[in-house]
Amino acid sequence: MRYIRPTSLTWWAGLSSIAIGILMLSGAGGWANELGRFVTILAGGQDACPAALMALGTGLIGIRDKLSRVLGDE
């Protein structure tokens, strides 16, 4: 369970990005699309598709785990 780090802001950013991508994929409504577009703009992206948001989220969670192993943050 080394990927689950609820005290990490990067982990929460990744999880929220994945959740927004899933909401957009499920067709939750226009508010989910606008929220996804906003998150994509903040991340420096151009395409606000659900797959890009979920890839961003898993990348954030993965890089957080890698940095914690390298820096000895366990």
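It should be emphasised that the depicted structure is a prediction, and the values quoted were computed from it without experimental measurement.

K.L.:
Teacher, can you tell me more about the packing of helix 1 (residues 9-26) against helix 3 (residues 50-71) here?
P.N.:
For any two helices packed against each other, the geometry comes down to the angle between their axes and how far apart the axes lie. Contact pair helix 1 / helix 3: the axes reach a minimum separation of 7 Å and the direction vectors enclose 160°. Considering the angle they form, helix 1 stands roughly antiparallel to helix 3. As helix 1 runs across helix 3, the sense of the crossing is left-handed. Within the contact between the two elements, helix 1 uses Thr10, Trp11, Ala13, Gly14, Leu15, Ser17, Ile18, Ile20, Gly21, Ile22, Met24 and Leu25 and helix 3 uses Pro50, Leu53, Met54, Leu56, Gly57, Thr58, Leu60, Ile61 and Arg64. Residues belonging to the contact of helix 1 with helix 3 are distributed by class as follows: 14 nonpolar, 6 polar and 1 charged.

K.L.:
It is not clear to me how the confidence of the model for the protein should be interpreted in this structure. Could you clarify?
P.N.:
Regions with low pLDDT should not have their predicted coordinates read in detail. When pLDDT is averaged along the protein, the result is 87, and 97% of the positions lie at 70 or above. When mean pLDDT is taken per element in the protein, helix 1 scores highest with 92 and helix 3 scores lowest with 88.

K.L.:
Looking at this structure, how should I read helix 1?
P.N.:
One full turn of an α-helix is made of 3.6 residues, so residues set three or four places apart face in the same direction. Relative to the 26 Å expected for 18 residues at 1.5 Å per residue, helix 1 spans 26 Å between its end C-alpha atoms, a close match to the ideal helical length. Listing the buried residues of helix 1 in full gives Trp11, Gly14, Ser17, Ile18, Ile20, Gly21 and Met24. Here the buried face of helix 1 lies against helix 2 (30-43) and helix 3. Looking at where helix 1 begins, the residue whose side-chain oxygen comes 3.3 Å from the main-chain nitrogen of Thr10 is Ser8. Positive phi shows up at Gly27, right after helix 1, with a value of about 75°.

K.L.:
How should the side chain of Thr40 be read in this particular structure?
P.N.:
Tracing the backbone shows Thr40 in helix 2. Its relative accessible area of 7% is what places Thr40 among the buried residues. Here the side chain of Thr40 touches Gly36 through a polar contact of 2.8 Å, landing on its backbone oxygen. If we skip the residues at most four places from it in the chain, Thr40 touches Gly45, Gln46, Asp47, Ala48 and Leu53.

K.L.:
Honestly, the nonpolar core in this entry has me stumped. Any pointers?
P.N.:
Side chains of nonpolar character tend, in soluble globular proteins, to be buried together. With 5 residues, the main nonpolar core is built from Ile20, Met24, Ala32, Val39 and Leu53. Sorting the residues of this core by element identifies helix 1 and helix 2 as the ones contributing at least two each. In this structure, Met24 is in contact with Ala32, Asn33, Gly36, Ala48, Cys49, Pro50 and Leu53, ignoring residues within four places of it in sequence.

Conventions and cut-offs
Residues numbered from 1 in each chain as written. Predicted model: local features only at pLDDT ≥ 70, side-chain atom pairs only at ≥ 80, totals over all residues. Heavy atoms only, no water. Axes fitted to C-alpha atoms, helices over the stretch in contact; angles between N-to-C directions. Helix = DSSP H or I, 4+ residues; strand = E, 2+ residues; numbered from the N terminus. Parallel < 35°, antiparallel > 145°, perpendicular 65-115°, else oblique. Left-handed = near helix turned anticlockwise from the far one by under 90°. Contact = heavy atoms within 4.5 Å. Nonpolar A, V, L, I, M, F, W, Y, C, P; charged D, E, K, R; others polar. pLDDT = per-residue confidence, 0-100. Expected span 1.5 Å × (residues − 1). Buried < 20%, exposed > 50% of the residue type's maximum accessible area, 1.4 Å probe, protein only. Polar contact = N/O pair within 3.5 Å; in protein donor to acceptor, adjacent residues only side chain to side chain. Core = buried A, V, L, I, M, F, W, Y, C linked by side-chain atoms within 4.5 Å.

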